Structure formats: structure tokens, C-alpha cells
Amino acid sequence: LMVPSTVRANLKTRLATISGLKTYDYIPDSVNVPAAIVGQLDLNYDATFNRGYDSATCTVLLIVGRMSEQAAQAKLDGYLASTGSTSVKTAIEADATLSGAVQTVRVASATAGSVQIAGNDYLAYRYSLDMIG
């Protein structure tokens, strides 16, 4: 059965394998970019009868840099790639059980957007993760 704090910590560990990416398993007071923030889990209990397993979704917020920075836009390509040393999908799915915290994790999608921090607009992507535990 999933322990949310363990799942978040293990996701942070997986994301930390991307060189130069700051990672958080909680919402920080301030952020140094590029950064990945693991969100809270949305749990669905009893996906099978008799407490067989639970399922969950989780969002990882990737904040790259200011909207106006060309370098920030260029970094996105590596993070968004489905493979490679800076791929968020590859980093997470390289350990499909998150060190035993879940039965399986899958990075389902990445949605473009922006976030405002201290009055500045930053490029951001929201990754949606599906988990079975």
C-alpha cells in the first residue's frame, strides 16, 4: 500500500538524477530554477476488492526559467524528450516501482503553462503521473 510521503520522497530522488535540476518533495517558500516540485497524491482506494491495491495520480511541476529567457526555452526540449539524460519521463520511469513505494509508475503527460514567482512569469510544465500501489 502506498505511503504518500515515501512516494513523494522517492519521486524527488528519481528527479534528482537529472544533472542541475533542483528537486523538492514539498512546496518550497522560494524556488531556484530549474526546479521540479513533486505535488500531493490524489488517491483512489480499493481499485480491486479486498484492499487489493490503490491507485494514485500526482503532478510534478517543472519550472525552467523566465518566459523571456531563450536558454530556458531551449532547456525545455531536453526535459520534455521521452528519452535521454535530462528527460523527466526517463528519470522517473527508470525505477518503475520507485524503490518499492508503488507497483508501477507512468509519466502520462506534460502540459505547458507558466507560474508566477515574485512577480516574474516562469515557463513551467505540469507532468501527470499515474501510479498503482
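Quick notes on the rules
- Residues numbered from 1 in each chain as written.
- Predicted model: local features only at pLDDT ≥ 70, side-chain atom pairs only at ≥ 80, totals over all residues.
- Heavy atoms only, no water.
- Helix = DSSP H or I, 4+ residues; strand = E, 2+ residues; numbered from the N terminus.
- Salt bridge = Lys/Arg side-chain N within 4 Å of Asp/Glu carboxyl O.
- Buried < 20%, exposed > 50% of the residue type's maximum accessible area, 1.4 Å probe, protein only.
- Core = buried A, V, L, I, M, F, W, Y, C linked by side-chain atoms within 4.5 Å.
- Contact = heavy atoms within 4.5 Å.
- Phe/Tyr/Trp six-rings, centres within 6.5 Å; stacked < 30°, edge-to-face > 60°.
- Expected span 1.5 Å × (residues − 1).
- Arc of directions from axis to C-beta.

At the junction of Val 33 and Pro 34, the peptide bond is cis and its omega measures out at -5° in the coordinates. Topologically, Pro 34 is positioned in the loop between strand E1 (22-24) and strand E2 (35-44). Look at Leu 98: it is not a glycine, yet its phi comes out positive at around 50°. Along the polypeptide, Leu 98 turns up in the loop between helix H3 (88-93) and strand E4 (104-117). Positive phi, normally seen in glycine, also occurs at Ser 99, with a value near 55°. Within the secondary structure, Ser 99 sits in the loop between H3 and E4.

Bringing the pattern of salt bridges into the picture now. Applying the stated criterion across every chain yields a total of 2 salt bridges. Between Lys 89 and Glu 93 there is a salt bridge, and its shortest N-O distance comes to 2.9 Å. Note that Lys 89 and Glu 93 are positioned in helix H3 at a spacing of 4 residues, about one turn of the helix. Assessed through its relative accessible area of 27%, Glu 93 is described here as partly exposed. The partner of Arg 106 in a salt bridge is Asp 130, with the nearest N and O atoms 3.0 Å apart. On the criterion of sequence distance, the pair formed by Arg 106 in strand E4 and Asp 130 in strand E5 (residues 120-132) is long-range, its members being 24 residues apart. The class of Asp 130 is partly exposed, set by a relative accessible area of 28%.

Take the nonpolar core next. Nonpolar side chains in soluble globular proteins generally cluster together in the buried interior. Membership of the largest hydrophobic core comes to 30 residues, with the highest contact counts inside it found for Val 7, Leu 62, Tyr 127, Leu 129 and Met 131. When residues of this core are traced back to their parent elements, those giving at least two are helix H1 (4-15), E2, strand E3 (55-66), helix H2 (70-80), H3, E4 and E5. In contact with Val 7, other than residues within four places in its own chain, are Met 2, Leu 41, Leu 98, Ala 101, Val 102 and Met 131. If you look at the next biggest cluster of nonpolar residues, it comprises 9 residues, including Ala 35, Ile 37, Leu 61 and Val 115.

You can see Thr 23 is positioned in strand E1. Once residues within four sequence positions are removed from consideration, Thr 23 is found in contact with Lys 12, Leu 15, Ala 16 and Ala 36.

This paragraph deals with the packing of aromatic side chains. Summed over all chains, the structure comprises 1 aromatic pair. Aromatic side chains Tyr 24 and Tyr 26 sit 6.0 Å apart centroid to centroid with 85° between the ring planes, which places their arrangement in the edge-to-face category. Under the relative-accessibility criterion, Tyr 24 is labelled buried at 11%.

Further remarks concern the environment of Thr 6. Examined against the element boundaries, Thr 6 turns out to sit in helix H1. Using a relative accessible area of 35% as the deciding quantity, one classes Thr 6 as partly exposed. Residues Thr 6 and Val 102 lie 96 residues apart in sequence; the distance between their C-alpha atoms is 9.5 Å.

With 12 residues, H1 extends 17 Å between its outermost C-alpha atoms, agreeing within 8% with the 16 Å of an ideal straight helix rising 1.5 Å per residue. Every buried residue of H1 is listed here: Val 7, Arg 8, Asn 10, Leu 11, Arg 14 and Leu 15. Angularly, the buried residues of H1 cover 165° about the axis, an arc narrow enough to put them on a single face. Residues of H1 that are buried make contact with E1, E2, E3, H3 and E5.

In short, shape yes, function no, at least from these values alone.
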